[in-house]
Amino acid sequence: MTDKTTIAAISTPMGTGGVGIIRISGENSMEITDKIFKAFSGKALADSEGYRAHYGRIFDGENAVDEAICLVFRAPHSYTGENVVEINCHGGIFLTKKILRLVLSNGASPAAPGEFTKRAFLNGKMDLSKAEGVMSLISAQGEQGANAAYNLLEGSLSRKIEEINSSLLSVAAHMAAWVDYPDDEIEEIDDTNLRNTVQTAFTEINTLLDRFDSGMAVTAGVDAAIVGKPNVGKSTLMNLLTGYDRSIVTAVEGTTRDVVEETVNLNGCILRLSDTAGMRETGDIVEKIGVDRSRKKLERAAVIFAVFDLSRELSDEDNELIEMCKGKTVIPIINKTDLDRKADISVIENNLGKCVAISAKDGDGYDELCDTVATLIGTKDFDTSAAMLVNERQRLCCENALQSLQEALDAIDFGLTLDAIGVCIDGAISALLELTGQKASEAVVDEVFRQFCVGK
Ligand code: GDP
């Protein structure tokens, strides 16, 4: 189902840089580019072999616009599997847009977000989970995330799913043959083997689901909120974690009135961190809005940094915070270890677990805090080479497969007929084929690529 149109987009970020790339993909890529590009060699791109670079000039009518190098890729040996030209020109916003306009006015259509990668998928160059690996790689914000995304792109998840699916497919085929052709000499299905195969698939998928949260933490990041009453040192902690003066720090209570947000990378764990307004009762209308926002952040955050001041006795506001944090993923932090200790932290530890002691001002306890975060979120010693899921779509497919496999196991244990067991196994296979895109509906495929940027 290859689309016949030739598409084009700027593939480099919109900014000033040494090089800008306009990518063109489709049957007429070379012919269209030939209308605006003249190689110094005199050779037309339409006559070029693949994997060749041509140096020349871009023209708007009679006027030369820029010097450029055009890379030629011939189908199927290109990213999209189609004929591709990449015009490498100078990287100015005006210039790249102008050259794109020239390409479009000579017969190409503007590429939709993710359309190059979608074509790669439709042309069998990659499955859906690899395409999603491309997306994760582009948006990776840390070493671990980039490694994990690269391995996804290299097929770590595809291979794992294929492995699980092929074992399920072979039992499903055997069962179907046994049920459909009872008179033929088909070997009887061994119950123990059948159960083992289903159980192994179940365990493998469960492992993938178990790694989901930590995988998300190294790739997309998790929402974390710094909460506490005024003046415990939330903003100082925010600044320690971001590495610069992101939040205003003063001794005046109620300084942070709105949520201040920043993404930080703590030893490979990506946190979308929010410094919130100190929680207290207040008559100040602006501060009150801030406090309400803090409460919402606390409700929604995947991880809460609950900060207490070690140099003062715990107050009602601290106790209220402890109540609000109960049952949530929380790291209790006692700040100001450089001052004399007045707080009795047993109440905190009895309710929220072991406290991490820090001095946000001096940076003491920083390493222990990072370590605690990594252990809690599961990014410590995270194996980036193993298969992992990187989005909700993939997680849902695995959840569905797991449910079908659980039903298959129950059916085996209840001694149900082989075709009843077969239906459950087929359900799991379908869910896994949807994950790799082999059986995904057009709507699902469109949705996956809609999340890409234009030019990718
Ligand atoms: P917030 O209202 O919770 O955001 O607290 P701030 O970060 O604005 O800090 C309130 C006051 O406590 C400021 O005067 C900070 O300099 C001080 N402070 C914060 N952390 C520490 C710490 O670790 N040790 C000491 N001695 N003072 C701190």
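Predicted model, so just to flag it, every value in this text is computed and none were measured.

Here is what the cut-offs are and how they apply
- Residues numbered from 1 in each chain as written.
- Predicted model: local features only at pLDDT ≥ 70, side-chain atom pairs only at ≥ 80, totals over all residues.
- Heavy atoms only, no water.
- Helix = DSSP H or I, 4+ residues; strand = E, 2+ residues; numbered from the N terminus.
- Rg over C-alpha atoms; globule rule 2.2 N^0.38 Å.
- Buried < 20%, exposed > 50% of the residue type's maximum accessible area, 1.4 Å probe, protein only.
- Contact = heavy atoms within 4.5 Å.
- Lys, Arg positive; Asp, Glu negative; His and termini not counted.
- Charge placed at Lys NZ, Arg CZ, Asp CG, Glu CD.
- Pairing = 2+ DSSP bridges.
- Axes fitted to C-alpha atoms, helices over the stretch in contact; angles between N-to-C directions.
- Core = buried A, V, L, I, M, F, W, Y, C linked by side-chain atoms within 4.5 Å.
- Expected span 1.5 Å × (residues − 1).
- 1 Å grid on protein atoms, 1.4 Å probe; cavity = no way out; pocket = protein on both sides within 12 Å on 5 of 7 lines; lining within 4 Å.
- Points joined across faces, edges and corners; volume = space filled by probe spheres on them.
- Nonpolar A, V, L, I, M, F, W, Y, C, P; charged D, E, K, R; others polar.
- Salt bridge = Lys/Arg side-chain N within 4 Å of Asp/Glu carboxyl O.
- Domains from an automatic or database assignment.
- Buried area = accessible area lost by both parts, 1.4 Å probe.
- Arc of directions from axis to C-beta.
- Near = heavy atom within 4 Å.
- Polar contact = N/O pair within 3.5 Å; in protein donor to acceptor, adjacent residues only side chain to side chain.
- Areas by Shrake-Rupley, 256 points an atom, 1.4 Å probe, with all protein chains shown as cover.

**Some points on the overall build of the protein**
And step 1. The secondary structure content of the protein amounts to 16 helices and 13 strands.
And step 2. Since a compact globule built from 456 residues should have a radius of gyration of about 23 Å, the 28 Å found for the protein marks it as more spread out than a globular shape.
And step 3. Considering only C-alpha atoms, the protein reaches an extent of 80 × 80 × 35 Å along its principal axes.
And step 4. A burial count over the protein gives 48% of its 456 residues as buried.
And step 5. In the protein, 66% of the contacts between residues at least 6 apart in sequence involve partners at least 24 apart.
And step 6. Positive and negative side-chain charges of the protein, numbering 45 and 71 respectively, have mean locations separated by a distance of 9 Å.

**Remarks on the sheet that holds strand β4 (residues 52-60)**
And step 1. Spatially, the seven strands line up as an open sheet ordered β3-β4-β5-β6-β2-β1-β7, and their pairing is mixed. Sheet topology places β3 (37-39) and β7 (109-110) at the edges, where each strand pairs with a single neighbour.
And step 2. One ladder, built from five bridges, connects strand β5 (residues 63-73) with strand β6 (residues 84-91); its direction is antiparallel. Residue pairing across strands places Leu 71 opposite Glu 86, the latter belonging to β6.
And step 3. The strands touched by helix α3 (residues 115-122) within the sheet are β1 (7-10), β2 (17-25) and β7, with β1 carrying the most contacts at an inclination of about 135°.

**Observations regarding the nonpolar core**
Across soluble globular proteins, nonpolar side chains have a tendency to be buried as a group.
And step 1. Counting residues in each nonpolar core, the largest one holds 44 residues, and the members touching the most others are Leu 168, Leu 194, Ile 205 and Ile 425.
And step 2. Going through the elements one at a time, α5 (143-153), α6 (156-180), α7 (191-210), α8 (212-218), α14 (392-413) and α15 (418-436) are the ones with two or more residues in this core.
And step 3. Tallying contributions element by element places α15 first for this core, with 10 residues.
And step 4. With residues up to four places along the chain from it excluded, the contact list for Ile 425 reads Leu 168, Val 171, Ala 172, Met 175, Leu 194, Val 198 and Ala 408.

**Describing α6**
And step 1. Under the 1.5 Å per step criterion, the end-to-end length of α6 is 36 Å for 25 residues, consistent within 8% with the ideal 36 Å.
And step 2. Buried within α6 we find Ser 156, Leu 157, Ser 158, Ile 161, Ile 164, Asn 165, Leu 168, Val 171, Ala 172 and Met 175.
And step 3. In this structure, the buried residues of α6 make contact with α4 (128-139), α5, α7, α14 and α15.

**Section: the layout of surface pockets**
The gaps of empty space that remain are located by a probe, the size of a water molecule, rolled over the atoms.
And step 1. Considering only enclosed or pocket space, the second largest pocket measures out at about 290 Å³ in volume.
And step 2. Lining the second largest pocket we find 15 residues, and of these Glu 132, Met 135, Val 390, Asn 391 and Gln 451 sit closest to its centre.
And step 3. Contributions of two or more residues to the lining of the second largest pocket are made by α4 and α16 (442-450).
And step 4. Top element by residues in the lining of the second largest pocket is α4. It accounts for four residues.
And step 5. Split by residue class, the lining of the second largest pocket holds seven nonpolar, five polar and three charged.

**Overview of the pattern of salt bridges**
And step 1. With the rule as written, the count across this model stands at 18 salt bridges.
And step 2. Of the charged contacts, one joins Glu 163 and Lys 160 as a salt bridge, the two residues approaching to 3.6 Å between their closest N and O atoms. Taken together, the residues span about one helical turn, with Glu 163 and Lys 160 both in helix α6 at a distance of three residues.
And step 3. Where salt bridges share partners, they join Glu 82, Glu 115 and Arg 119 into one cluster.

**Things to note about the domain arrangement of the protein**
And step 1. Domain boundaries assigned for the protein yield domain 1 (7-111), domain 2 (131-211 + 388-450) and domain 3 (218-377).
And step 2. Distance between the C-alpha centres of domain 2 and domain 3: 41 Å.
And step 3. When the buried area of domain 2 at its contact with domain 3 is split by residue, Gln 141, Gln 144 and Gly 145 rank highest and sum to 63% of it.
And step 4. For the interface between domain 2 and domain 3, the tally reads zero salt bridges.

**Focus: helix α2 (residues 93-105)**
And step 1. The end-to-end C-alpha separation of α2 is 18 Å, in line with the 18 Å expected for 13 residues at 1.5 Å each.
And step 2. Along α2, the residues that are buried comprise Leu 95, Thr 96, Ile 99, Leu 100, Leu 102 and Val 103. The buried residues of α2 all sit within an arc of 155° when viewed along its axis, so they share a single face. Turned more than 90 degrees away from the buried face of α2, the exposed residues are Phe 94, Arg 101 and Ser 105.

**Observations concerning the site of the ligand**
And step 1. Around the ligand, 18 residues are found, and the nearest of them are Asn 231, Lys 234, Ser 235, Thr 236 and Asp 338.
And step 2. Backbone polar atom of Val 232 to an oxygen atom of the ligand: 3.2 Å apart, as the coordinates give it.
And step 3. Thr 236 places a side-chain nitrogen or oxygen 2.5 Å from an oxygen atom of the ligand.
And step 4. Burial of the ligand by the surrounding chains reaches 88%, relative to a free accessible area of 580 Å².
And step 5. Looking at the shell around the ligand residue by residue, the class counts come to six nonpolar, seven polar and five charged.

**Considering the environment of Gln 141**
And step 1. Inspection of the secondary structure puts Gln 141 in the loop between α4 and α5.
And step 2. Between the alpha carbons of Gln 141 and Thr 263 there is a distance of 9.1 Å; along the sequence they are 122 residues apart.

**Remarks on the sheet that holds strand β12 (residues 330-335)**
And step 1. Within the open sheet, the six strands sit side by side as β9-β10-β8-β11-β12-β13. Their pairing is mixed. Only two strands of the sheet have a single partner each, and these edge strands are β9 (260-266) and β13 (356-357).
And step 2. Relative to strand β10 (residues 269-275), β9 runs antiparallel, the two sharing seven bridges. Bridge pairing in β10 places Thr 263 opposite Arg 272.

**Concerning the pairing of β5**
And step 1. Examined bridge by bridge, β4 and β5 share nine bridges and lie antiparallel to one another. Looking at the pairing, Gly 56 lines up with Ala 68 of β5.
And step 2. Between β4 and β5, which pair antiparallel one after the other, the connecting turn spans two residues, and Gly 61 there sits at a positive phi close to 65°.

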